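# Remarks on the overall topology
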Amino acid sequence: MVLKVFFPSCCSSADSGILIGRWISEQSSAVVLAVVHFPFIPVQVKQYLGEVQRVTKVSVSVLGSWSNSKQEKEESLSEFLEDLGTIFCHEPWIQISKEGDSKFWSCSTLQKHSQNPQEEEIILVYYDQRKVMLSHLHPPLDTTGQRAEDASKLSAVFDTVARSRVLFLTDRYDEGPIKLTHWQSEGVEASIIVELMKQASVPACMLLTFLLSLVSGVCRSRVLKFWPLSFLWSKLSTCEQLGHRLQHLQVISSNKKAQNQTQLMRKANIFVSVLIDVALGILLMSWLYRKNRIGHLADTLIPVADHVAEELQDLLQWLMGAPAGLKMNRALDQVLGRFFLYHIHLWISYIHLLSPFIEMILWYVGLSACLGLTVALSILSDIIALLTFHIYCFYVYGARLYCLKIYGLSSLWRLFRGKKWNVLRQRVDSCSYDLDQLFIGTLLFTILLFLLPTTALYYLVFTLLRLLVVIVQGLIHLLVDLIDSLPLYSLILRLCRSYRLAAGVKFRVLEQQDGKPLRLLMQINPLSYGAVVQTYRLPTYSCYPRDSWASLCKKLFLGELIYPWKHKGEKQN
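Nothing here was measured: the structure is a model prediction, and the numbers come from that model. (Residues numbered from 1 in each chain as written. Predicted model: local features only at pLDDT ≥ 70, side-chain atom pairs only at ≥ 80, totals over all residues. Heavy atoms only, no water.)

The subject of this paragraph is the packing of helix α9 (residues 293–320) against helix α10 (residues 330–354). How two helices sit against one another is set out by the angle between their axes and by the gap between those axes. Where α9 contacts α10, the two axes come as close as 9 Å, and the packing angle between them is 175°. Taken together, the axis directions place α9 and α10 in an arrangement best described as roughly antiparallel. For the pair formed by α9 and α10, the contact residues are Ile302, Ala305, Asp306, Ala309, Leu312, Gln313, Leu316, Gln317, Leu319 and Met320 on the first element and Arg330, Asp333, Gln334, Gly337, Arg338, Phe340, Leu341, Ile344, Ile348, Ile351 and His352 on the second. (Axes fitted to C-alpha atoms, helices over the stretch in contact; angles between N-to-C directions. Helix = DSSP H or I, 4+ residues; strand = E, 2+ residues; numbered from the N terminus. Parallel < 35°, antiparallel > 145°, perpendicular 65-115°, else oblique. Contact = heavy atoms within 4.5 Å.)

Next up on the list: the packing of α9 against helix α11 (residues 358–367). Two elements in contact, α9 and α11, have axes separated by 9 Å at closest approach and are oriented at 130°. On the basis of the axis angle, α9 is oblique to α11. Crossing hand, α9 versus α11: right-handed. Where α9 abuts α11, its residues Ile294, Gly295, Leu297, Ala298, Leu301 and Ile302 lie against Ile358, Glu359, Leu362 and Trp363. Of the residues that constitute the contact of α9 with α11, the class distribution is eight nonpolar, one polar and one charged. (Left-handed = near helix turned anticlockwise from the far one by under 90°. Nonpolar A, V, L, I, M, F, W, Y, C, P; charged D, E, K, R; others polar.)

The next thing to look at is the pattern of salt bridges. Tallying each qualifying case throughout the model produces three salt bridges. A salt bridge links Arg163 to Asp159; the nearest nitrogen and oxygen atoms lie 2.9 Å apart. Pair noted here: Arg163 and Asp159 are both in helix α4 (residues 146–163), with a separation of four residues, about one helical turn. Residue Arg163 is classed as partly exposed on the basis of its relative accessible area of 35%. Exposure remark for Asp159: the relative accessible area of 32% places this residue in the partly exposed category. Residue Arg245 pairs with Asp277 through a salt bridge whose shortest N-O separation is 3.1 Å. Here Arg245 is found in helix α7 (residues 237–253), whereas its partner Asp277 is found in helix α8 (residues 261–288), with 32 residues between them in sequence. Comparing Arg245 with Asp277 shows no difference in burial state: the two are buried. (Salt bridge = Lys/Arg side-chain N within 4 Å of Asp/Glu carboxyl O. Buried < 20%, exposed > 50% of the residue type's maximum accessible area, 1.4 Å probe, protein only.)

Moving on to the packing of aromatic side chains. Given two aromatic rings, one states the distance between the centres and the angle between the planes to describe the pair. Counted under the stated rule, the structure contains 18 aromatic pairs. Taking the centre distance of 5.2 Å and the plane angle of 85° together, the rings of Trp105 and Tyr126 count as edge-to-face. Of the two residues, Trp105 sits in the loop between β5 (93–98) and β6 (106–110) while Tyr126 sits in strand β7 (residues 121–127), which places them 21 residues apart along the sequence. What makes Trp105 buried here is its relative accessible area of 5%. Summarising the aromatic geometry, the rings of Tyr289 and Trp363 are spaced 5.7 Å apart at their centres and angled 85° between planes, so their arrangement reads as edge-to-face. With Tyr289 in the loop between α8 and α9 and Trp363 in helix α11, the pair connects residues that are 74 residues apart, well separated along the chain. Tyr289 gets classed as partly exposed once you look at its relative accessible area, which sits at 28%. Judged by relative accessible area, Trp363 falls into the partly exposed class, the value being 40%. An aromatic cluster is built from Phe339, Phe340, Phe394, Tyr397, Tyr458 and Phe462, whose rings are joined through pairwise contacts. (Phe/Tyr/Trp six-rings, centres within 6.5 Å; stacked < 30°, edge-to-face > 60°.)

This is the structure in structure tokens:
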């Protein structure tokens, strides 16, 4: 039988005393948590362990004795340590002794109450108590087989140390009857900055909760549910991002305590994400308002819009001629070209009508960067959508006209084959047509077929322009999603204190000597950066990836409308 003793490396130089910890009978393992020094009164030790067990819900007991012969030179010490096993009555009674400065310790077990005592093979495992207590062991992705069983055994050790936090709050300066050695025995680890932030966070969270309740009440009011406010709230990226950040602030300011480590990490990731987002937004705002960059941007915006309109006019003039040597239907070509030219003329008039107010609009838009870089990027996406609204209109007109002709041709093609579409059963059934119906169908099919190339060319050109705008907006939304969903706190923790995010452990065999127990050093394996992102990634309001390539090509061929993104609450086609 193999007995595993997990011994904290911080107790290797402790004075002689008794070992307290938890005995895990299912694994034949003993997790040593601290060493109680001489002198002590056994009744007080039992009372202290009872209080610790009541608070931590961990079955803490006296596991055995610890002897440091460098500091205790009495010959009767070993006999006294053996007699302690009759007082505390633990089976097996573990005896660990360190002989001077030797690396190799003696470790044995006593079983006084056993009828057939068996000689056990002992494995002494050293572990860093501070790292094990502060770390969070993540279960493996493969939850079946031997790896899951090993993970459950390790989690029992990690859980024992983590739940015994109360035991580590006493140090050598406490005026108590019991003196302990553990990782904080020289002084409880604390930070003045952290304590001040804890004291200041209570009134700040109360004020933030009150303000968020007011904002949430306004957002849930019936005024925003009426059209067109409800339509704008669901379509504008800025409104969606503000609502997303409002949910984040509600999670941060909530007075509900995190139930587990995952919820705690989620709150920390949201807090750091909002903090960095606001910091980047303030930097952007300071850059915009320096050296009158907003004025220069407003002066550049109108010429750029005029240049885009001129390029579109040149493109339409090219389409109204003989584009790439293609023979188009001249009547339909002229009608469509003049129709789109008229829309461009309206758009130029609209832009020049707003030109006196553009600098003021940009000035107020720049102030919104103090709410975060993601809000500024969402406003930029909405501005691009407004400035390219005429391209969207061209795309919609072309798509609807092209879609009408495609469905008309498909319906007339079924007429030639003596079939029709059954709306009730959603299938194609056989049908008999008379001569007049076939004649009219032939005429309509010929007209639509010869008009299709002209319509398809306009649809293709404006679809490419629309896709260009969609790609730009998609890149902006990918950047917003990256800032919103990236677990920055977890990544910083993985970079600075990798042991806090444990994926498992590895054991390194130390120097060995015949007749001495096998000595292992337990080291923590941190999570990889990819696993950190996958585990703690924050949810976002937009959904990626979008349609597959096959679905996208089908939509383009049939002339269905393409949207750059879908907001929550909308169904994906």
